[in-house]
Each structure stands twice: as structure tokens, then as C-alpha cells.
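# Report on the structure
Here's the letter readout for the chains.
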Amino acid sequence: MRLSSMTPIALAALLGGVLPHPASANPTSDSLAVPVSPATTRAPSPSQGLAVPATPNPTATPETRNTPEFSQRPSVPTLQSNPNDVIVRATRVSIVGASQELQEIARQTIATKEGGDTNQQQLQRDAATLLETGLFSTARASSQANRDGLDVTFAVEPSIVRSLQLNNARVLPADVANSFFSDSIGKPVSPAAIKQGLAQIERWYQDNGYVLARVTDAHPTRDGLIKVTVAEGAISNIDIRFLDDKGQPTDGRTQQDYIRKGLKLQPGDIFRIDTAREDLRQLYQLGLFKNANIKLDDAANQQVNVAYLLTESPSRGFDAGGGYSDSAGLFGSIRYNDQNFGGVNNQLNVNATVGTRDVQFNANYGKPYRASRPDEMGYNINAFRGSGTSTALEDSTLANGDTPRERRIGAGVTVTKPIDDWNASVGLNYTRTSIRDGNGKVTPVDANGKPLSLSDSGIDDLVTVRAAVGQDRRDNPANPTSGSVVNFSTEQSLPIGSGSILMNRLEAKYSQYVPLSIFQGKNPEVLAFNVQGGTTIGDLPPYQAFTLGGANSVRGYGNGDLATSRSYVLATAEYRVPLFDSPVSGVLFADFGSDLGSSSSVPGEPGASKPGTGFGYGAGVRVNSPVGTIRADYGISDRGDSRVQFGLGQRF
């Protein structure tokens, strides 16, 4: 921030260290055209003193120009033929016509000082310099000879502030800037008031997130303008740089155009810290980057280059294997997943198991919604065929002593698009579920004759329309340290096919993450909370009941051991602590779950013998690995049972 048209000394007095626009070494012709004092055509007597004109009369001869005369007393020097060259001592320097504040500035601005030497040209330059400050509309110098030299008087009139001229401002509204100087309008210029107004301008920029904005020049003019020039921090260029885990430049797999189109900061925009933070949050939400930061580099013309420094997470995985199981017999399996298919964050996942008794697969391909293309919806397509023991029916026994198994085959499509600040999705899904024994035979009832499906045949067709809305404000979905996420969903079935199922399934989930710094480590500790609940209205196939207990529910209980119910509520609190600045972190947790007394309303009552309500607590470790976060928890239930449970990703 500078104040122009003043000498450095005067500016220091005016704005307490704010640098000035440099004044000319010699007054300009425009400045010199303004009379500094009335011209005289005769030489003054010692009693009259020395009157200094703005410029000498170019047509006058040396004899007719203003030539001051002094008595021949030894203490007063005698002027020679050119009075502009005579050096005279200034015994006293007075400033009249201005406030004390302006007088002090004027004294520091002029070169003529009490006890110092001066001459006609110096007084002329001093008067012109006072005009150049813009603080004065007129400035005239006069002098009175005395025994020891000259008494010099500068008669000034302060400029009257009439308006503000704001230059280079794009985000600062003119009416807001004018309001900062409203008390000065119509009054004599006050450097203190100007300084206060400039401080308010810079405070407005900071308060509104424009952290690079600053006042680069400010000065008043003789005609009453306060000219303020700002540099707001315009973005010259956006640069995408990929770094490896050691912070060294590397090639990235993600297409730069895809990243750029998703950024809110664009070339030509004014840099705003809130927008930069939002960009980083959205980059983390892509799930493609383990680290995302911003670096600012100076550019020409008071602009800035913005560089996004990105470290990609591993996005592809492949494995193959084989073995033997009761359900598939001898089998071979392959798995391939790519969370950045094509370098544009499309997702492809394929799992297939081919055995002598069964073939199972699960495949999905998705294109997420892109904020850079608001007219295009995201989508996901999936198809599956699988079988396994039903968690909801694991306490049931078939007539031949087997545990009921579910075989599912189906497909679905989901489209997504935000609504205001909420992510919204709608999907259509079809699933055919059959309950079978270990040999693959369809079995509609258990050993006690209780139904295992809604239809009498043991085969149900479920066609559903699912709608969901959510809002994700986490800083990093994979490993959040702050923010929140909330989701609501409803799934309505259509009474089509076997079983003619008519039901509605409702669920709501909310998580909050609070960063802590108790141990002052490199990475923050996190206090994480989760609460969720759900209910089913209408028909309820037994295998569709909610289950409580397990690594993703109430730890310390086995999978589904706490409840099998129509409704449920689940709450969890975790304290997550990074350990030793390493990929390992520790967790203390407590879980609570309840069936809200709804287990008896599930057909066949598969959860009748379960507690229904309970809690667990314990501790665990998390390890960040190339395949994601691996977790291991040691949980203790309220019934005294304990167990170690494993999973991938954070609990929530």
C-alpha cells in the first residue's frame, strides 16, 4: 500500500511507513504554472523581504526581474545578478492555513528547514512539492528578510475531498469502498482518515477471503479525488503437478483436463481462500488423491499462478486365485478393479468365481457426476449372481440340518445428479432371491415350518425403485479428519413377480468428525461420531431384515448376533490417534445398537433368541496400505464376550 505524489519523508509521516509514489526530482511544467506567490517588478527592500514567483518571467531582462535587495550589513549576504543562485539562511519556517496534522506533513515534505540554507529556486520547488502531494489546492511561499536571513512562510489551502476513485477493483463493490471514506467527503483532506479508509479496504478483503488482495497505491489530488489502486490477486494460470510419495515430480494417471474442469478456481478469477479450500475438498472426494495442496507463485502484472500439487492414490488392483468350497466346489477366481478408468474417475469393478458347482460374478461400471458438466448425470450399471449363507437366517436350520443359503441374481442402474447442495440418486433394481440348502435345492421353510421367503415357493422377485439424497462435507472421504456426511434413502418395491412384494425401506445415516490436537502430532487426532437408523414398512421377506452385530455394527458381537429386526438404531463413537507419524493409527471405540423391539415382527422370527439391544467397546489399529485402510478391532460386548474383528476402510 503506497501513497503517491509525496516524498518518502512526508509519506512516512502520513501513513506510518506506507511507501509513496516517488515525486519528480524537478517540478513538472504543469506544476510550475501554478503561481507560488505574486510576481513583483521591483526589488523589495529588506523590510519587505523576498517574494518568490512560481517561474521567472522569461521576457524580462536581468535588470527587470525580481531581484531582492538587502542592506549591506555584514550578517546579511548580498545577492548577485542572478537571485536564484543566492544561498540564504532560513531563520524561521512557518506553515499557515492548514491543520496541525497537515502542517507537520508539510514541514517534513519541504526541503527548506529552519537553520538551513535556501534560495529562490528551493522555495519554488518546495511550494510545487506541496502541491504535488495532493493535500493542498494552493501553496504560496513568501519571505521576510531579517538580520540573520529570511523568515519563510508557506500559505496553503487544504484540498476538499469530493469523491473516491477506485482502480482495478473487481470484487470490491464501489459502494462499499465509498462507505469507508464517507465521513471525509466535503471536508479538508485528512491523511489519518485516508489511512483509516485504506485499512478498512484491506480488512474487507481479508474478511471475505481475498487473502492476496492489497492496496498498491493511494494518494489524494488537488481537485478533491482520493485515488486508490488495488491488486486483488487475479489468477494468471492454473497448473496441475503430480508428485510421488517423496514429493518429487512424476507422471499422473488422471487427465489434467478432467481435473481442471472440476475446479472452481479458474484463470482470470480473483483468488479466494474459501474457493481454494473447496477445490481441495472436492479433489479429496474424488477418492483419487491421498494428498492435495495448493502452491502460489508470483506472476506478471500483480497476478498469481496457482499450482495444485497432487499425489495419486493407487487406483488399480488385480488378483487371481482358486480353491475349494462347499457351495462352489473346486473354483478359480479373478478380481479387477479400477477407480480411475480412462483417467477420468470412471469406476470399473469385476469379480468372478467359476466352480464345479456354481458360477458367481459381480460387475459394475460407473461414471460419477461431474460438477464441471452440470447437464450430464452420473450413472452406475451393475449385474450380479452370487450365493452364500444368509446373515439374517444364520440361526435357522433346514430339515436336512443345513443352514439356509441365499442365491441372488439381478441387475440395476442408478443415475445421480446434485440438487442444490445435496447429492441425489435414483435407481431401478431387480433381484431374484431363492433360499436353498447345501445341495442347491430350493427350500421355502425351515425345520420348524417357519417361512424363509415371502412366497410359498422359496423364490422371491424384488423390483425396487430407490431414491437417496446426501451431503458430504468431509475433507477426505477415505480417511476424514473433519467435516460431516449425511444420507437419507427410501426404497419402494413394486408388487411384480413371485411373492408380489410391497414394501418400503427407509434409512438415515449421519457422521461427524472433529479434529483434536491433544498430542500435538504431525497429523490431527479425530473424534468421530456416527448415528443411523432404519425401518421397513409393509411386506418384509425374512432375509431382508436388518441385522445388528459384527465388525461394521456393534463390535464384540458376531455378525448378526445382536438382532434381526424390522427396525434398528445404531450409534458409535471413535477416538482416532495417529501413531509415531507412521501409516499406523490407534482407535478407541464404543458401539450401541437396538432393534427397538421390532424383532418379533419379522416373519418366522429369526431373531427371537437374540438380545435385541446391547453395546460393545474396545480398541483397534488402522494401517494405511496400497489396498486401502486395513483395520483390526478387539471388541468386548456387554455380555462379556470378546473377539478380534477385521475389515477394510474406516468403520464409518
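The preceding data block contains the structure.
Described in the following lines is the structure provided in the data block. Note that the structure is a prediction, hence the values are computed from the model and not measured. (Residues numbered from 1 in each chain as written. Predicted model: local features only at pLDDT ≥ 70, side-chain atom pairs only at ≥ 80, totals over all residues. Heavy atoms only, no water.)

## Observations concerning the packing of aromatic side chains
Here the distance between the centres and the angle between the planes together describe a pair of aromatic rings. One pass over the full model with this rule turns up eight aromatic pairs. Here the aromatic rings of Phe-341 and Tyr-365 are separated by 6.0 Å at their centres, their planes lie at 90 degrees, and the arrangement is edge-to-face. With Phe-341 in strand β14 (residues 329–341) and Tyr-365 in strand β16 (residues 359–367), this pair connects stretches of sequence that are 24 residues apart. Look at Phe-341 and you get partly exposed, because its relative accessible area is 34%. Classification of Tyr-365 as partly exposed rests on a relative accessible area of 26%. Ring geometry for Tyr-365 and Tyr-379: centres 6.4 Å apart, planes at 50 degrees, overall tilted. Of this pair, Tyr-365 sits in strand β16 while Tyr-379 is found in strand β17 (residues 378–389), placing the two residues 14 residues apart along the sequence. Joined through ring pairs, the aromatic side chains of Trp-204, Tyr-205 and Tyr-210 make up one cluster. A cation sits over an aromatic face here: Arg-555 above Phe-589, 3.9 Å from the ring centre. Against the face of Phe-652 rests Arg-576, its NZ or CZ located 5.1 Å from the ring centre. (Phe/Tyr/Trp six-rings, centres within 6.5 Å; stacked < 30°, edge-to-face > 60°. Helix = DSSP H or I, 4+ residues; strand = E, 2+ residues; numbered from the N terminus. Buried < 20%, exposed > 50% of the residue type's maximum accessible area, 1.4 Å probe, protein only. Lys NZ or Arg CZ within 6 Å of the ring centre and 35° of its normal.)

## Overview of the layout of surface pockets
Roughly 540 Å³ of internal volume is contained in the second largest pocket. Every residue lining the second largest pocket is counted, 23 residues in all, and those nearest its centre are Arg-505, Glu-507, Ala-545, Phe-546 and Thr-547. Breaking the lining of the second largest pocket down by element, the ones donating at least two residues are β18 (405–419), β22 (503–516), β24 (546–548) and β26 (567–578). Grouping the constituent residues of the lining of the second largest pocket by class yields eight nonpolar, ten polar and five charged. (1 Å grid on protein atoms, 1.4 Å probe; cavity = no way out; pocket = protein on both sides within 12 Å on 5 of 7 lines; lining within 4 Å. Points joined across faces, edges and corners; volume = space filled by probe spheres on them. Nonpolar A, V, L, I, M, F, W, Y, C, P; charged D, E, K, R; others polar.)

## Some remarks on the environment of Arg-260
With respect to the helices, strands and loops of the structure, Arg-260 is situated in helix α7 (residues 256–261). For Arg-260, a relative accessible area of 26% translates into the label partly exposed. For the pair formed by Arg-260 and Ile-240, sequence separation is 20 residues and the distance between their alpha carbons is 8.0 Å. Ignoring anything within four residues of it in the chain, the contact list for Arg-260 reads Ile-238, Asp-239, Ile-240 and Gln-266. (Contact = heavy atoms within 4.5 Å.)

## Quick word on the sheet that holds strand β11 (residues 289–298)
The strand order across the open sheet built from three strands is β10-β12-β11, with neighbouring strands paired in mixed fashion. The outermost strands of the open sheet, each flanked by one partner alone, are β10 (235–242) and β11. Geometrically, the sheet is characterised by an average inter-axis angle of 20 degrees between neighbouring strands, direction not taken into account. Where β10 lies against strand β12 (residues 304–312), seven bridges are found, and the strand directions are parallel. Within the sheet, the bridge partner assigned to Asn-237 lies in β12 and is Asn-305. Contacts from helix α8 (residues 273–285) reach β11 and β12 within the one sheet, and its direction differs from that of β11 by about 150 degrees. (Pairing = 2+ DSSP bridges. Axes fitted to C-alpha atoms, helices over the stretch in contact; angles between N-to-C directions.)

## Remarks on the nonpolar core
One finds Leu-130, Phe-136, Phe-154, Phe-181, Ile-201, Tyr-205 and Val-228 to be the most contacted residues of the largest nonpolar core, which totals 43 residues. The greatest single-element share of this core, amounting to five residues, is contributed by helix α6 (residues 191–207). When neighbours within four sequence positions are excluded, Ile-201 is seen to be in contact with Leu-172, Phe-180, Phe-181, Val-215 and Val-228. Counting residues in hydrophobic clusters, the runner-up holds 21 residues, among them Ile-259, Tyr-284, Leu-288 and Tyr-308. (Core = buried A, V, L, I, M, F, W, Y, C linked by side-chain atoms within 4.5 Å.)

## Overview of the environment of Ile-185
With respect to the helices and strands, the residue Ile-185 is situated in the loop between α5 (174–180) and α6. Ile-185 sits in the partly exposed class, given a relative accessible area of 40%. For the pair Ile-185 and Gly-224, spaced 39 residues apart in the sequence, the C-alpha separation amounts to 8.9 Å. Look past the residues within four positions of Ile-185 in its chain and what remains in contact with it is Val-161, Arg-162 and Ser-163.

## Considerations on unusual backbone geometry
Glycine aside, residues mostly have negative phi angles, and peptide bonds mostly take the trans form. In this structure, Asn-301 is a non-glycine residue whose phi angle is positive, near 60 degrees. Looking at the secondary structure, you find Asn-301 in the loop between β11 and β12. In this structure Asn-301 comes out as exposed when scored by relative accessible area, which is 73%.

## A word on the sheet that holds strand β5 (residues 136–145)
Reading across from one edge, β4-β3-β6-β5 is the order of the four strands in this open sheet, with mixed pairing throughout. Of all strands in the sheet, those with a lone pairing partner are β4 (117–118) and β5, marking the two edges. Of the strand pairs in this sheet, β5 and strand β6 (residues 150–158) are connected by nine bridges, and their pairing is antiparallel. Pairing of Phe-136 across the sheet is with Pro-158, part of β6. Relative to the sheet, helix α3 (residues 100–109) contacts β3 (88–96), β5 and β6, its axis offset from that of β3 by approximately 155 degrees. Where helix α4 (residues 120–132) meets the sheet, its contacts fall on β4, β5 and β6, and the angle it forms with β5 comes to roughly 155 degrees.

## With respect to the pairing of strand β20 (residues 459–472)
Looking at chain direction, strand β19 (residues 422–436) and β20 are connected through twelve bridges and run antiparallel. In the sheet register, Gly-427 faces β20, and the bridge partner there is Arg-466. For β20 and strand β21 (residues 483–494), the ladder comprises ten bridges, and the chain directions are antiparallel. When the bridges of β21 are listed, Ala-467 appears paired with Thr-490.

## Let's talk about α6
Between the first and last C-alpha of α6 there are 24 Å, a value that for 17 residues agrees with the 24 Å anticipated at 1.5 Å per step. Taken together, the buried positions of α6 are Pro-191, Ile-194, Gly-197, Leu-198, Ile-201, Trp-204 and Tyr-205. End-on view of α6: buried residues confined to an arc of 140 degrees, all on one side of the axis. Residues Gln-196 and Asp-207 are exposed on α6 and point more than 90 degrees away from its buried face. (Expected span 1.5 Å × (residues − 1). Arc of directions from axis to C-beta.)

Remember, this is a structural readout, not a statement about activity or role.
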